[in-house]
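A look at the structure
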Amino acid sequence: GSDFYPLAAASVHGIIIAPNAMANVSGSFLVNASVNSSATVAKVNLTVWNNTGNATGLVPMSLGAGSTTTGWWNVTFDSTTLLTDGFYNLSVNGTNVDGIINISKNVSVLVDNTKANVTGVAPVNDSTQSGIMVINASVNDSLSRVLNATFRIVSPGTATAWIFATLGSGSI
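Right, let's walk through the structure included here. (Residues numbered from 1 in each chain as written. Predicted model: local features only at pLDDT ≥ 70, side-chain atom pairs only at ≥ 80, totals over all residues. Heavy atoms only, no water.)

**Considerations on the overall build of the chain**
Quick reminder of the rule: Note on conventions: DSSP H or I runs of at least 4 residues are helices, E runs of at least 2 residues are strands, and numbering of each starts at the N terminus. Atoms counted for the radius of gyration: C-alpha only. Globule rule: 2.2 Å times the number of residues to the power 0.38. Between buried and exposed lies partly exposed: a residue is buried under 20% and exposed over 50% of the maximum accessible area for its type, with that area taken using a 1.4 Å probe on protein chains only. Contacts are assigned to residue pairs that have any heavy atoms within 4.5 Å of one another.
Along its length, the chain carries 1 helix and 17 strands. Here the C-alpha radius of gyration of the chain, 24 Å, is well above what a compact globule of 172 residues would show, namely 16 Å. Along the first, second and third principal axes, the C-alpha set of the chain runs to 100 × 35 × 25 Å. Per-residue burial for the chain yields a buried fraction of 28% across its 172 residues. Relative to all contacts within the chain whose residues are 6 or more apart in sequence, the contacts with residues 24 or more apart total 56%.

**A word on unusual backbone geometry**
Between Ala18 and the following residue, Pro19, the backbone shows a cis peptide bond with an omega angle of 5°. Relative to the assigned elements, Pro19 resides in the loop between strand 1 (12–18) and strand 2 (23–25). Here Met22, not a glycine, exhibits a phi torsion of approximately 65°, which is positive. When you line up the elements, Met22 lands in the loop between strand 1 and strand 2.

**Examining the sheet that holds strand 1**
Which entries qualify depends on this criterion: Whether two strands pair comes down to DSSP finding at least two bridges between them. Every angle, taken between N-to-C directions, lies between 0 and 180 degrees, and every axis is a line fitted to C-alpha atoms, over only the stretch in contact when it is a helix.
Read across the open sheet, the 4 strands follow the order 1-3-8-7; overall the sheet is antiparallel. With one partner strand each, in any of the chains shown, strand 1 and strand 7 (62–66) form the two edges of the open sheet. Geometrically, the sheet is characterised by an average inter-axis angle of 30° between neighbouring strands, direction not taken into account. In the sheet, strand 7 pairs with strand 8 (residues 70–78) via 4 bridges, with the strands oriented antiparallel. Bridge pairing in strand 8 places Gly66 opposite Gly71.

**Description of the nonpolar core**
Put simply, the test is: By nonpolar core is meant a set of buried Ala, Val, Leu, Ile, Met, Phe, Trp, Tyr and Cys residues that side-chain atoms within 4.5 Å join together.
Of all hydrophobic cores here, the largest spans 24 residues; its most connected members are Val35, Leu46, Met61 and Leu90. Where this core is concerned, the elements lending two or more residues are strand 1, strand 2, strand 3 (28–37), strand 4 (41–50), strand 8, strand 9 (86–96) and strand 11 (107–111). The contacts of Leu46, once residues within four sequence positions are left out, are Val31, Gly57, Leu58, Val59, Met61, Val75, Phe77, Leu90 and Ser91.

**Brief notes about the environment of Asn36**
Heads up, the condition is: In the analysis that follows, any N or O atom pair within 3.5 Å is treated as a polar contact, provided that within protein one partner can donate a hydrogen and the other can accept it, and provided that, for residues neighboring in sequence, both atoms belong to side chains.
Positionally, Asn36 belongs in strand 3. A relative accessible area of 24% means that Asn36 is categorised as partly exposed. It is 28 Å that separates the C-alpha atoms of Asn36 and Phe87, two residues lying 51 residues apart in sequence. If we ignore the near neighbours within four places in the chain, the residues touching Asn36 are Ser11, Val12, His13, Val41, Thr69, Thr70 and Gly71. Within the local environment of Asn36, its side chain forms a polar contact with the backbone nitrogen of Gly71, the two atoms lying 3.5 Å apart.

**Quick word on a nonpolar patch on the surface**
Using the following cut-off: Patch construction takes residues with relative accessible area above 30% that form no salt bridge. Like charges are linked within 9 Å, and nonpolar side chains (Val, Leu, Ile, Met, Phe, Trp, Tyr) are linked within 5 Å. The accessible surface values rely on the Shrake-Rupley method and a 1.4 Å probe; as for residues, cover is taken only from the protein chains in view. The salt bridge definition used is simple: a Lys or Arg side-chain nitrogen within 4 Å of an Asp or Glu carboxyl oxygen.
Taken together, Ile15, Ile17 and Trp72 make up a surface patch of nonpolar side chains, about 290 Å² in accessible area. Relative to the elements of secondary structure, Ile15 occurs in strand 1.

**Points about the side chain of Ser79**
Turning to its location among the elements, Ser79 is positioned in helix 1 (residues 79–82). Since its relative accessible area comes to 0%, Ser79 is described here as buried. Among the polar contacts listed, one links the side chain of Ser79 to the backbone oxygen of Gly27, at a separation of 2.8 Å. Within the local environment of Ser79, its side chain forms a polar contact with the side chain of Asn113, the two groups lying 3.0 Å apart.

**Concerning the pairing of strand 4**
Bridge count between strand 4 and strand 9: 8 bridges; the pairing is antiparallel. Across the sheet, the residue bridging to Leu46 is Val92, located in strand 9. Of the pairings in the sheet, the one linking strand 4 to strand 6 (residues 59–60) comprises 2 bridges and is antiparallel in character. Of the residues in strand 6, the one forming a bridge with Leu46 is Val59. Note that strand 4 and strand 5 (residues 53–54) share 2 bridges and pair antiparallel. In the strand pairing of strand 5, Asn50 is matched with Gly53.

In C-alpha cells form, the structure reads like this:
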C-alpha cells in the first residue's frame with residue numbers, strides 16, 4: 001500500500017490595479033486587473049455593482065500584457081451609457097481552464113458625469129478690462145465636490161496660462 005495524495009487544483013488570483021479605490025471617474029475609464037493562475041486563465045470579466053445589485057452584466061476584459069497565466073487584463077468602460085451618477089463597486093471575475101473561479105475584492109468608485117455648476121462669473125464674457133482685474137465665480141459640484149477652479153484670459157491670437165483661483169468664501 002502506497003498512500004495517494006491528490007494534487008490541489010490550480011487556483012486563480014485577481015486584484016484590480018486601476019482605478020484606485022474611491023477614485024472619481026467619468027466618461028470612459030480604464031479598468032486594469034492582475035489575474036494569475038498556475039493553469040491558463042480562460043476568461044476575465046468586470047462586474048459593476050450599485051446599492052441594489054448588479055448594475056451591468058459581465059463585461060469581458062482582454063489580456064493587455066503578460067500571459068494567460070500571469071497577465072494584466074483591461075477594459076475601457078463607458079460610464080455615460082450604463083450608469084447614473086453615484087457610488088459603485090467594481091469586481092473582477094477570473095476563471096481558469098479548469099473552471100476554478102475567483103472574484104476579486106471590490107474597489108469602490110464614484111461615477112460623476114455631471115459637470116460642475118458655474119454661475120456668477122465676473123467680468124462678463126466679451127467685456128473690455130484694463131489694469132488689475134478681479135475674476136469671480138461660484139462653482140459647485142454637490143456629488144464629488146470641487147477639486148479646483150482655474151481661469152484663463154483669452155484674446156484674439158493670445159491666451160494666458162491657466163490661473164488657479166483661491167477660495168474666497170464657502171467650502172470645498
